[in-house]
Amino acid sequence: MLLLVAMIVCLSSSAQMKFSFSGVDVSEETLSDGSTLITFPAGTDLNGFSELGMSATVAGQSVELSAITPNPSTTFVTNGEIEVFVYDGKAYSFRFVCSEYASYLFAYFNGNTQSQEQICFALSDDGFNYTPLNGGSPIIISADIADKKAVRDPHILRGEDGYFYMVVTDMKSSEGWSSNDGLVLLRSANLLDWTHTAIDFPTEWPNRFDRDALTQVWAPQTIYDPEAEQYMVYYSIGEVDEHYKIYYSYANEDFTELTEPQLLYDHEANTIDADIVWNDGLYHMFFKTEGDGDGIQKATATTLRGEWTAGGKYLQQTTVAVEGSCAFKLIDSDEWVLMYDCYNNGYYEYCTSSDLESFTYKCRSTNTANYTPRHGTVIPITMAEKLALMKKWP
């Protein structure tokens, strides 16, 4: 007699899975790798899959398993979360990938040469130690998307609408630090395939920006504005005889156009590399500034368009020069990470906080020959997303 075996793997340690079958007695065994081995009685006909009433519950949420018609050597995918492998019409192996966040994706660039001014991805299971995808090579070639054929400062966002959004500085630093006039918008449904649009500010708004007077459009980021019900893209603008200020635009639905820039925040000193997160009823804007010292400060507001109130203190836990901060929350935790680029010293530094006010030094990045990350950002991803990224860019 042939036993029908289902192997179900939950790759998120925090999730608890339970399985139920109507009218069928099964045995369950938890294996050393954390997977659950389910054995059906010999002779069970899985052609009537839906009639078995099989269901899975992950973290208290029910996940439906669709009816399956046996087809040897075929892979079925349900809701992007469940892979069902069917062998010779009899033995079934179910690999269940939890929809909870299970890993971290870091988007970054590597340095100041054109070959390094490219979008790269790295993965981490703890938020501090990252392994580059694609052997450290770019996942998108800058020459294919940018007017300057080089990009910097990638920011990545998981949208409210299921899309992923990425924005980058359109800049080749070898042409000078006052040489860029725009940014690039990118959008993806799966983290793997990206559409792109380059926005050149003097071309888009010739009555507002003179190419000779506009010196920088730096470090764009995206955030969803629930009041406007649109995605806001914010960035630093530098103009002749002016200090850097933070401006914003709203993107159209396809993420291919921007509204004319408006002032978001003026710190009355050079202000670049803004990074905004929402926590406990406030927006927190981290930014690099110079004046009475220099480094990472923060302002807060109840709405994205302000008024913003400056905190007035430096938050980095180091004496070396820093820029390009990114704040993100650890998975299944109330703890935040503030990471920033120690750009003259060749490493990232990570700090932690429970309230986004007081920060404690955690560690430095460990760089390698093919991993020298500069100004980037981190988002949590699911195990299914991680596996898809690793498959495309091993």
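Note that this is a predicted model, so its numbers are computed, not measured.

### Section: the confidence of the model for the chain
Consideration 1: Counting all residues, the mean pLDDT for the chain is 82, and 75% of those residues have values of 70 or more.
Consideration 2: Across residues 31–36, where pLDDT falls below 50, the model places 13 contacts with residues more than four positions away in sequence or in other chains.
Consideration 3: Every residue in residues 45–99 is under pLDDT 50, and counting partners more than four places away or in other chains gives 134 contacts.

### Side note on the layout of surface pockets
Consideration 1: As a volume, the largest pocket reaches approximately 780 Å³.
Consideration 2: If you trace the largest pocket, you find 33 residues lining it, with L157, R158, V277, I379 and P380 closest to the centre.
Consideration 3: Contributions of two or more residues to the lining of the largest pocket are made by β13 (151–158), β17 (214–225), β18 (230–239), β21 (271–279), β25 (323–329) and β29 (374–382).
Consideration 4: Taken together, the residues that form the lining of the largest pocket break down as 21 nonpolar, six polar and six charged.
Consideration 5: Within this model, the second largest pocket holds a volume of roughly 350 Å³.
Consideration 6: Of all the secondary structure elements, the ones that give two or more residues to the lining of the second largest pocket are β13, β21, β22 (282–291) and β29.
Consideration 7: Considered class by class, the residues forming the lining of the second largest pocket number seven nonpolar, six polar and seven charged.

### Describing a negative patch on the surface
Consideration 1: Where like charges cluster on the molecular surface, the negative patch consists of E160, D161, E204, E253, D254 and E257.
Consideration 2: Mapped onto the fold, E257 is located in the loop between β19 (245–250) and β20 (262–265).

### As for the environment of I156
Consideration 1: Mapped onto the elements, I156 comes out in strand β13.
Consideration 2: Accessibility expressed as a relative area gives 2% for I156, which makes it buried.
Consideration 3: Not counting residues up to four positions away in its chain, the partners in contact with I156 are L105, A107, F121, Y165, M166, L191, W194, T377 and I379.

### As for the pairing of strand β15 (residues 182–188)
Consideration 1: Burial analysis of β15 places seven of its seven residues in the buried class, the great majority of the element.
Consideration 2: Where burial is concerned, the two faces of β15 agree: the one with G182, V184, L186 and S188 and the one with L183, L185 and R187 are both buried.
Consideration 3: Of the strand pairs in this sheet, β15 and strand β16 (residues 195–200) are connected by six bridges, and their pairing is antiparallel. For L183, the partnering residue across the bridge sits in β16 and is I199.
Consideration 4: Counting the residues between successive antiparallel strands, the hairpin from β15 to β16 contains six residues, one of them, L191, with a positive phi of roughly 75°.

The rules behind each value
Residues numbered from 1 in each chain as written. Predicted model: local features only at pLDDT ≥ 70, side-chain atom pairs only at ≥ 80, totals over all residues. Heavy atoms only, no water. pLDDT = per-residue confidence, 0-100. Contact = heavy atoms within 4.5 Å. 1 Å grid on protein atoms, 1.4 Å probe; cavity = no way out; pocket = protein on both sides within 12 Å on 5 of 7 lines; lining within 4 Å. Points joined across faces, edges and corners; volume = space filled by probe spheres on them. Helix = DSSP H or I, 4+ residues; strand = E, 2+ residues; numbered from the N terminus. Nonpolar A, V, L, I, M, F, W, Y, C, P; charged D, E, K, R; others polar. Patch = residues over 30% accessible without salt bridge, like charges linked within 9 Å, V, L, I, M, F, W, Y side chains within 5 Å. Areas by Shrake-Rupley, 256 points an atom, 1.4 Å probe, with all protein chains shown as cover. Salt bridge = Lys/Arg side-chain N within 4 Å of Asp/Glu carboxyl O. Lys, Arg positive; Asp, Glu negative; His and termini not counted. Charge placed at Lys NZ, Arg CZ, Asp CG, Glu CD. Buried < 20%, exposed > 50% of the residue type's maximum accessible area, 1.4 Å probe, protein only. Pairing = 2+ DSSP bridges.

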